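# Breakdown of the fold
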Amino acid sequence: MNELQWPMDYLKDVKEQYENYPYPLRDPEEEKTRLLATEDGYLDKINHYCYAGRQNFDNFRVLIAGGGTGSAAIFLAEQLRDHQNAEIVYLDISSASMKVARKRAEIRELSRITWVNNSILNLPELNLGPFDYINCVGVLHHLEDHHKGLRILHGQLQDDGCMGVMVYGRHARTAVYQMQELMRLVNTDETSMQTKVDNTKIILSSLPPSNSFKRCEREWLTEVEEYGDIGLYDLFLHSHDHGFDVLEIYDWVESCGLHLVDFIGPEFESRIGYEPKTFITHPGLLKKISTLPRPRQQAIAEILSGLIQRHSFYLSRRPNPQAKPDDLNNVPFFFKTTPQGLARAIDSNPGKTITLTSPDRISVHLTPSRFTSKFLHHLDGAASIKTIFAAIRRDLDAPHLSDRELLDEFKSLYKIFNDIGWMLLRHDSVGPCPPPAGLQARVSKRYSPENG
């Protein structure tokens with residue numbers, strides 16, 4: 001593995017935190033038995049949302065901007081292992097975090113990672129780019145100037161490049177920010193990181209039932225239980241932590257010359273959590289809200305739900321880079337799910353509305369059209385939309401059935417599946433990406449008892 005090291009001269013407090021508390025807590029030995037996926041890091045998703053489904057990922061360069069203990073770098077490098085000349089550049093301000101990430105990569109024998117111990121603010125001087133894809137998760141909200149940070153990353157992108165970004169959500173983290181303010185007051189003039197941690201534990205055990213954080217602590221303390229002092233420090237004692245709401249994200253992104261492609265996980269693994277209709281059923285009010293600009297509709301949904309602790313989204317230099325069902329050479333495929341029995345249920349109950357449940361446990365309703373069952377029977381993850389349409393014509397002995405007539409109904413079905421995070425598209429010139437379980441199998445085999 002290659003390594004570049006550069007002097008540190010910025011965000012002293014942040015660097016000190018992650019040198020002492022590498023985040024998130026990861027045990028490199030677990031790489032022998034599991035592959036942790038990151039929601040924005042699936043190549044299938046990157047291809048669908050950012051490359052119109054046409055990216056084959058050969059000669060693909062990735063920057064992990066703020067790689068932490070390595071989850072994004074490991075997941076992307078494992079998926080890109082067999083792609084010709086694909087490269088990962090990992091960058092992080094913390095040498096302790098990078099040490100964990102490197103050990104994880106060594107256990108997996110991932111060799112095409114360049115390791116850079118530095119701040120993203122120094123990227124213009126490092127001459128590492130340009131990149132096809134930049135992953136920047138949990139970093140930009142820790143900068144004193146997040147506009148400068150995003151503009152720097154923008155400058156590292158290829159002309160058709162894109163980014164996967166995660167920043168904290170302001171509204172759902174209100175109680176956390178109150179706790180951070182409380183701990184700043186308690187720890188006034190305190191320099192010992194361990195004492196700050198100890199004081200936080202005392203405060204947590206002293207919170208009265210009336211305290212805002214106490215009323216929702218089960219939503220947050222799982223991170224402390226899982227990561228210990230590392231999680232506690234990151235949650236309550238971080239020196240730079242800025243929460244964003246939807247409208248601020250749009251303004252920020254546009255001011256930096258980028259386009260917001262779409263929101264994705266982690267709280268909501270699809271756009272449905274950003275839709276007012278997910279929470280409002282009154283037709284009159286929904287009609288009024290539907291006339292508002294899309295960012296304002298999403299802002300309404302964010303406050304309504306109260307659940308979006310983190311905003312994850314793709315950014316692109318180009319407007320509307322997603323794959324679209326209008327291209328009949330695209331292959332529709334189910335992503336991370338196979339709705340067994342759905343076609344049979346529709347056949348058994350013609351015309352009856354079917355309830356579907358998104359990965360976020362949100363229910364949506366599908367009223368089958370006359371072609372829905374046929375679409376599902378031929379949707380095997382390999383056939384293009386054009387091929388599926390030809391098969392339906394043969395099934396129905398209806399050679400004069402037009403592409404437009406079939407497409408109008410398919411697009412309605414596709415929108416429901418895509419909205420709930422079930423379906424993506426890739427061009428038929430591009431092969432499918434292997435699932436994480438298959439990628440892990442060959443690593444686990446290397447460490448199986450029979451191999452010593």
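Owing to the predicted nature of the structure, the values given are computational and were not obtained by experimental measurement.

### So, a negative patch on the surface
The grouping of Asp13, Glu16, Glu144 and Asp145 at the surface amounts to a negative patch. Summarising the element assignment, Glu16 is placed in helix α1 (residues 12-20).

### Focus: the layout of surface pockets
Within this model, the largest pocket holds a volume of roughly 1,400 Å³. At the level of secondary structure, the elements contributing two or more residues to the lining of the largest pocket comprise α1, α3 (71-79), β3 (87-92), β5 (131-137), β6 (157-168), α9 (221-227), α10 (229-236) and β8 (310-316). No other element matches the four residues that α9 contributes to the lining of the largest pocket. Grouping the amino acids of the lining of the largest pocket by side-chain chemistry returns 21 nonpolar, 16 polar and 13 charged. Here the second largest pocket defines a volume of roughly 540 Å³. Taken together, 27 residues line the second largest pocket, and the ones lying closest to its centre are Val261, Asp262, Arg271, Asn320 and Gln322. Going through the elements one at a time, α2 (43-50), α11 (246-255), β7 (259-266), α13 (294-305) and α17 (403-419) are the ones with two or more residues in the lining of the second largest pocket. With five residues, α17 is the single largest residue contributor to the lining of the second largest pocket. Broken down by class, the residue content of the lining of the second largest pocket amounts to ten nonpolar, six polar and eleven charged.

### Concerning the nonpolar core
Counting residues in hydrophobic clusters, the biggest one holds 65 residues, and the most contacted among them are Leu140, Phe213, Phe236 and Phe313. Look past the residues within four positions of Phe313 in its chain and what remains in contact with it is Met163, Gly164, Val165, Val167, Ile249, Trp252, Val253, Leu260, Asp262, Phe263 and Ile264. With 37 residues, the next largest nonpolar core counts Leu35, Tyr42, Phe333 and Leu439 among its residues.

### Notes on the packing of aromatic side chains
Counted by the stated rule, this structure contains 21 aromatic pairs. Note on Tyr23 and Tyr227: the rings are 5.6 Å apart at their centroids and 85° apart in plane angle, and the pair reads as edge-to-face. In this pair, Tyr23 sits in the loop between α1 and α2 while Tyr227 sits in helix α9, placing the two residues 204 residues apart along the sequence. Of the two residues, Tyr23 and Tyr227, neither departs from the other in class, the shared state being buried. Ring-pair connections join several aromatic residues into one group, and the members of that group are Phe371, Phe375, Phe389, Phe410 and Tyr414. Directly above the aromatic system of Tyr168 lies the positively charged group of Arg173, at a separation of 3.6 Å from the ring centroid.

### Remarks on the pairing of β5
Look at any regular strand and the pattern is simple: side chains alternate between the two faces of the sheet. The buried fraction of β5 amounts to six of the seven residues, a majority that puts the element mostly inside the structure. Sheet topology note: the strand β2 (residues 61-65)/β5 ladder contains three bridges and is parallel. Directly across from Ile64, in β5, lies its bridge partner Asn135. Both β5 and β6 contribute to a ladder of six bridges, which runs parallel. The residue bridging Cys136 from the neighbouring strand is Val165, located in β6. Viewed along the sheet, the connection from β5 through helix α6 (residues 146-154) into β6 turns out right-handed.

### Brief notes about the side chain of Thr38
Looking at the element boundaries, Thr38 is found in the loop between α1 and α2. Here Thr38 is in contact with Ser71, Ala72 and Phe75, once residues within four sequence places are set aside.

### Regarding helix α4 (residues 95-108)
Between its first and last C-alpha, α4 extends 20 Å over 14 residues, near the 20 Å set by a 1.5 Å rise per residue. With ten of 14 residues buried, α4 lies mostly within the body of the structure.

### Remarks on the packing of α3 against helix α18 (residues 436-446)
As a packed pair, α3 and α18 sit with axes 10 Å apart at the nearest point and diverge in direction by 90°. Classed by the angle they form, the pair α3 and α18 counts as roughly perpendicular. Residue-level inspection shows Phe75, Glu78 and Gln79 of α3 in contact with α18, the latter providing Pro436, Leu439, Arg442 and Val443. Its residues assigned to classes, the contact of α3 with α18 comprises four nonpolar, one polar and two charged.

### A closer look at the environment of Thr338
Along the chain, Thr338 falls in the loop between β9 (330-334) and α14 (342-348). With a relative accessible area of 54%, Thr338 lands in the exposed category. In sequence terms Thr338 and Met423 are 85 residues apart; their C-alpha atoms lie 9.8 Å from each other.

### Here we look at the pattern of salt bridges
A complete count under the given rule lists 29 salt bridges for this structure. For the salt bridge of Arg317 with Asp159, the shortest nitrogen-to-oxygen distance reads 3.0 Å. Of the two residues, Arg317 is situated in the loop between β8 and β9 and Asp159 in strand β6; the sequence distance between them amounts to 158 residues. Residue Asp159 is classed as exposed on the basis of its relative accessible area of 61%. Taking the shortest distance from any N to any O, the salt bridge between Glu225 and Arg218 comes out at 3.0 Å.

### Some remarks on the confidence of the model for the chain
The pLDDT averaged across the chain works out to 93; a share of 96% of its residues lies at or above 70. Segment residues 6-10 is flagged for pLDDT under 50; beyond a separation of four residues in sequence, or across chains, it makes 16 contacts in the model.

### A few points about the environment of Leu36
Structurally, the position occupied by Leu36 is in the loop between α1 and α2. Residues Leu36 and Ser192, 156 residues apart in the sequence, show an inter-C-alpha distance of 33 Å.

### A word on the side chain of Thr372
With respect to the element layout, Thr372 can be found in helix α15 (residues 372-378). Residue Thr372 is classed as buried on the basis of its relative accessible area, which comes to 3%. Looking at Thr372, its side chain comes within polar contact range of the main-chain nitrogen of Ser369, at 2.8 Å. Residue contacts for Thr372: discarding those within four places in its chain leaves Ile346 and Leu413.

What counts as what
Residues numbered from 1 in each chain as written. Predicted model: local features only at pLDDT ≥ 70, side-chain atom pairs only at ≥ 80, totals over all residues. Heavy atoms only, no water. Patch = residues over 30% accessible without salt bridge, like charges linked within 9 Å, V, L, I, M, F, W, Y side chains within 5 Å. Areas by Shrake-Rupley, 256 points an atom, 1.4 Å probe, with all protein chains shown as cover. Salt bridge = Lys/Arg side-chain N within 4 Å of Asp/Glu carboxyl O. Lys, Arg positive; Asp, Glu negative; His and termini not counted. Charge placed at Lys NZ, Arg CZ, Asp CG, Glu CD. Helix = DSSP H or I, 4+ residues; strand = E, 2+ residues; numbered from the N terminus. 1 Å grid on protein atoms, 1.4 Å probe; cavity = no way out; pocket = protein on both sides within 12 Å on 5 of 7 lines; lining within 4 Å. Points joined across faces, edges and corners; volume = space filled by probe spheres on them. Nonpolar A, V, L, I, M, F, W, Y, C, P; charged D, E, K, R; others polar. Core = buried A, V, L, I, M, F, W, Y, C linked by side-chain atoms within 4.5 Å. Buried < 20%, exposed > 50% of the residue type's maximum accessible area, 1.4 Å probe, protein only. Contact = heavy atoms within 4.5 Å. Phe/Tyr/Trp six-rings, centres within 6.5 Å; stacked < 30°, edge-to-face > 60°. Lys NZ or Arg CZ within 6 Å of the ring centre and 35° of its normal. Pairing = 2+ DSSP bridges. Right-handed = clockwise from strand over helix to strand, strands pointing away. Expected span 1.5 Å × (residues − 1). Axes fitted to C-alpha atoms, helices over the stretch in contact; angles between N-to-C directions. Parallel < 35°, antiparallel > 145°, perpendicular 65-115°, else oblique. pLDDT = per-residue confidence, 0-100. Polar contact = N/O pair within 3.5 Å; in protein donor to acceptor, adjacent residues only side chain to side chain.

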